[in-house]
Amino acid sequence: MPGPKLEPVISDTALPASVDVVVIGGGIAGTCAALELAERGLKVALCEKGEVGAEQSSRNWGWVRLSHRDPREMPLMVEAVRMWQGLDARLGADTGYKQCGITYTLASDAEMADAEVSVAEQNKYQIPAKMISASEALSRFPGLSLDIKGAMYNPADGRAEPQKAAPAVARAFQERGGTVHQNCAVRVIETAGGRVSGVVTEHGKIACSAVLLAGGAWSRMFLDNMGIYLPQLRTTSTVIRTTPIPEGPEGTIKYKTFTARRRADGGYTIAGADTGRCEITPDSFRLFGAFLPTLKNEWRGLKMTVGRQTLEGLSRRRRWGPADRTPFEDTRILDPVPDRKAADRMLAALKAAYPVFGAASVAQCWAGEIDVLPDVIPAISATEGVKNGVPGLYIATGFSGHGFGLGPAAGRLAADLVSGHAPIVDPTPFRLSRFTDGSKIAPMIGITTR
C-alpha cells in the first residue's frame, strides 16, 4: 500500500550551475539543514531522488519526545523542542506540533526502575517528567483497562504531523531563495584540490564547495561507493492510521503491545514494537561485528526475516560512476509491504483495552524503513578525518527511528558544521569517526529505535 499522502512541494524547474551547498535528501533533517543554511545567506540546492518527505520522515509515529532518550542525545533534543515551539511561526505553516503529554505505561518492576533513571536524567534539564501510579495513569484515559505497575508521564512530550512537517520546511526554504529538485538523484560527488567541488546528478552537474548527505536509509550505499565506512542497517516498521475517533484521548499513550497518538485529522496513529522486522541482507553479515553489542541488548525484540531486501541486496550494484544509472534512480521511494497481521493484532489489543476505539477502522496501513546505527544515535559530522573522507562533505543520518523529533535541531547542528558556526550543542557524540577510532560503541540499555 502506498505511503501516507504528503502535502505537495513544487520542484524548481532548472538546476543551478553553482551553489554554496548541495543538500542530498529531502527528509526532516535535510530540509531543516537547508532552511538553516539559506537563512544564513548561503545559496543552497536540495536534491531528492524521490519526493520531499516521502520515506521515513512521513512514515514515523509523529512523536516529539524528550523521554527515553540516550543521554548523549538529550542536549540536542532539548534544543529541538525549543525549535518546534516556534517552528510554525517561523515557517508560516502548520506542522501540527503540540505538547500533548505522553504516558509511558510500565508493566514490571524492571521497567519501573528503568523509567526512574530516565526521569532523573530528564529532570537534570528541568524537564517535568515524573513517575505516576497505575491509577493516575489510567485516569488520564477514562475507560482504559491495563494491568500495569505504574507509568512515567511527561507533559513536555508532544506530537507533530509527519506528512506536513518536511514539506512545510522545504517550502519555507524555497521562500528564502533555496531550490528544491525532486526526482533528481545525486550520483557522485566531484572533488578538486582534495576537497568537494560539485555533484553530478542524473540531470546534470552543480558546482559547490560543500555537500550535506542526509540520505536516511540510503546513506550507507552512497558513502560506500566512495569507500567511506558507515555501519548502517535498515529495520522496517508498520503503522496504522485510523478513521476519526471524536471522543478519543488528547494525550499519547504507550503500552507494550500498542501506542496511540491523536492526529490533526481526528484519527489516530497506532503503532508498536511488535510490527518491527529486520530483513537479512549482505550488509547484515558485513556489519555483524559492529552491531553485535546492539544485538546482545535488543535480541529479544528483533524479528529477523528473509524477503525482498535480501534479494535486492544480493543483486544491487555497489559501485558506479557519474555516467551510470544508480540504485537511487531504480527505487525512488522505499515503500515496504506492511505487516498487516501484526498491525491487526495491535489494533485488536487496543480495542480490547480501550472501548473508545471500538468503532475505529483502518483508514491506511503503511511501512517505513528506518536507518539504524550500532549505538542508536545519529551521525551528524564532517567526513574529513575518516578513511576516504573528503573535506567539504558532511553527513546527517542514522537517526535510528527517533529522528523526527530531533529534526529541527539536527538540521541546525548540521548547518553549523557546514557553515563553520559555533555548534548548537557539542557535536562530539555524533562524530562519524567514533565507529573507527576505537570508541566503545553500544546503545544505552533499554534504548531502542523508538
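The structure under discussion appears in the preceding block.
The structure displayed is predicted, hence computed values, not measured ones.

Some thoughts on unusual backbone geometry
Among all residues save glycine, negative phi is the norm, and among peptide bonds the norm is trans.
Here is step 1: The phi dihedral of histidine 68 falls on the positive side, at around 55°, and the residue is not glycine.
Here is step 2: Turning to its location among the elements, histidine 68 is positioned in the loop between β3 (63-64) and α3 (74-91).
Here is step 3: Residue classification places histidine 68 among the partly exposed residues on the basis of a relative accessible area of 23%.
Here is step 4: Positioned with a positive phi, asparagine 388 is a non-glycine residue whose angle comes to about 65°.
Here is step 5: Looking at where asparagine 388 falls in the secondary structure, it is placed in the loop between β20 (379-382) and β21 (393-397).
Here is step 6: With relative accessibility at 41%, the residue asparagine 388 sits in the partly exposed group.

Topic: the packing of aromatic side chains
Here is step 1: Tallied over the entire structure, the rule returns 11 aromatic pairs.
Here is step 2: Relative to phenylalanine 328, the ring of tryptophan 218 has its centre 5.7 Å away and its plane inclined at 70°; by these criteria the two rings are edge-to-face. Placement of the pair is tryptophan 218 in the loop between β12 (210-213) and α7 (219-224) and phenylalanine 328 in helix α11 (residues 327-330), with a sequence separation of 110 residues. The same class applies to tryptophan 218 and to phenylalanine 328, which are both buried.
Here is step 3: Look at tryptophan 320 and phenylalanine 328: their rings are 5.5 Å apart centre to centre, the planes differ by 90°, and that puts the pair in the edge-to-face class. Residue tryptophan 320 shares its accessibility class with phenylalanine 328, and that shared class is buried.

Focus on the packing of helix α1 (residues 28-39) against helix α13 (residues 403-419)
Here is step 1: Running from amino to carboxyl end, α1 crosses α13 at an angle of 45°, the nearest separation of the two axes being 7 Å. With respect to each other, α1 and α13 are oriented oblique. The element α1 and its partner α13 pack so that their crossing is right-handed. Taking contact as the criterion, the partners of Ile28, Ala29, Cys32, Ala33, Glu36 and Leu37 in α1 are, on α13, Gly403, Phe404, Gly407, Pro408, Gly411, Arg412, Ala414, Ala415, Val418 and Ser419.
Here is step 2: Taken together, the residues of the contact of α1 with α13 sort by class into 10 nonpolar, four polar and two charged.

Examining the packing of α1 against helix α6 (residues 162-175)
Here is step 1: One can describe the packing of α1 onto α6 by two numbers: an axis separation of 9 Å at closest approach and a directional angle of 20°. Classified by the angle between their axes, α1 and α6 sit roughly parallel to one another. Considering only the axes of α1 and α6, their crossing is left-handed. Of the residues in α6, those touching α1 at Ile28, Thr31, Cys32, Ala34, Leu35 and Ala38 are Ala165, Ala166, Val169, Ala170, Ala172 and Phe173.
Here is step 2: Residues of the contact of α1 with α6, tallied by class, amount to 11 nonpolar, one polar and no charged.

Conventions adopted
- Residues numbered from 1 in each chain as written.
- Predicted model: local features only at pLDDT ≥ 70, side-chain atom pairs only at ≥ 80, totals over all residues.
- Heavy atoms only, no water.
- Helix = DSSP H or I, 4+ residues; strand = E, 2+ residues; numbered from the N terminus.
- Buried < 20%, exposed > 50% of the residue type's maximum accessible area, 1.4 Å probe, protein only.
- Phe/Tyr/Trp six-rings, centres within 6.5 Å; stacked < 30°, edge-to-face > 60°.
- Axes fitted to C-alpha atoms, helices over the stretch in contact; angles between N-to-C directions.
- Parallel < 35°, antiparallel > 145°, perpendicular 65-115°, else oblique.
- Left-handed = near helix turned anticlockwise from the far one by under 90°.
- Contact = heavy atoms within 4.5 Å.
- Nonpolar A, V, L, I, M, F, W, Y, C, P; charged D, E, K, R; others polar.

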